[in-house]
Amino acid sequence: MKISSILSSGKPSVSFEIFPPKRPDPTLFDSGEAEAAMARTKEVVRKIAAERPAFISVTYGAAGGTTGANTSPIADYVQRDCGVTALAHLTCITSSRDKIADEIRDLRERGIENILCLRGDFPPGDGRRESRGFEHAVDLVKALRPSTFCLGGACYPEGHPECEHLRDDIAHLKAKVDAGLDFLTTQMFF
């Protein structure tokens, strides 16, 4: 089900966010540790899904997509095995256009309909500070909009921390909406 349909139902909805395990560094972890981390994540997903949320959001890893390799498999598990709508995050700042195309193909093949389009952050210590294909989330939205995916974007009630002026932040938000977002979301912490 598309998130836009869930949100337009007029009923209150609750969602959860899951952080997949980081892609293991083969020099630090053996495959058994990676498999155990994935099994623990799936157990958490099963427990969350038992609460029947409207959807479960699956992160990609803000700093260079550090959990990106596991986003599609976890989103697939959320939908196929747990019966809950999945929202797959996709960060673009450190990804080439080819990598994004591969991610989109994987999500489509797994039947994931919802993508949260995010810029993401450069990994700590990355001195380049240049994008590899997409500068901002709006660029990702523009590239994906001809698709049938339901696209979401982030908004910041108090302004994006990197944006000096709130009016500029609102202009950036409007540009994302005009590019074709279906919904906006923000995080609330209690």
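Refer to the structure printed above.
Residues numbered from 1 in each chain as written. Predicted model: local features only at pLDDT ≥ 70, side-chain atom pairs only at ≥ 80, totals over all residues. Heavy atoms only, no water.

Participant: Which parts of the structure should I look at to understand the nonpolar core?
Facilitator: Proteins that are soluble and globular tend to have nonpolar side chains buried together. Residues Val 78, Ile 115, Leu 140 and Leu 151 are the most contacted members of the largest nonpolar core, which totals 33 residues. Counting residues per element, the ones that place at least two in this core are helix H2 (31–49), strand S2 (55–58), helix H3 (68–81), strand S3 (86–91), helix H4 (97–109), strand S4 (114–118) and helix H5 (137–144). Discounting chain neighbours no more than four positions away, the residues touching Leu 140 are Leu 90, Cys 92, Ile 100, Cys 117, Leu 118 and Phe 134. Grouped together as the second largest cluster of nonpolar side chains are nine residues, Phe 55, Leu 118, Cys 150 and Ala 154 included. (Core = buried A, V, L, I, M, F, W, Y, C linked by side-chain atoms within 4.5 Å. Buried < 20%, exposed > 50% of the residue type's maximum accessible area, 1.4 Å probe, protein only. Helix = DSSP H or I, 4+ residues; strand = E, 2+ residues; numbered from the N terminus. Contact = heavy atoms within 4.5 Å.)

Participant: Explanation requested: helix H6 (residues 166–179) in the structure shown.
Facilitator: At 3.6 residues per turn, the α-helix brings residues three or four places apart onto the same side. Its 14 residues give H6 an end-to-end C-alpha distance of 20 Å, which sits within 8% of 20 Å, the value for a rise of 1.5 Å per residue. The set of residues buried in H6 consists of Asp 169, Lys 176 and Ala 179. End-on view of H6: buried residues confined to an arc of 85 degrees, all on one side of the axis. Turned more than 90 degrees away from the buried face of H6, the exposed residues are Arg 167, Lys 174 and Asp 178. Residues of H6 that are buried make contact with H5 and strand S5 (150–154). (Expected span 1.5 Å × (residues − 1). Arc of directions from axis to C-beta.)

Participant: Sorry if this is basic, but what is going on with the packing of aromatic side chains here?
Facilitator: Note on aromatic pairs: each is described by the distance of the centres and the angle between the planes. According to the stated counting rule, one finds zero aromatic pairs in the structure shown. Arg 97 extends its terminal NZ or CZ atom over the ring of Phe 134, reaching a point 4.2 Å from the ring centre. (Phe/Tyr/Trp six-rings, centres within 6.5 Å; stacked < 30°, edge-to-face > 60°. Lys NZ or Arg CZ within 6 Å of the ring centre and 35° of its normal.)

Just distances and angles here, no functional claims.
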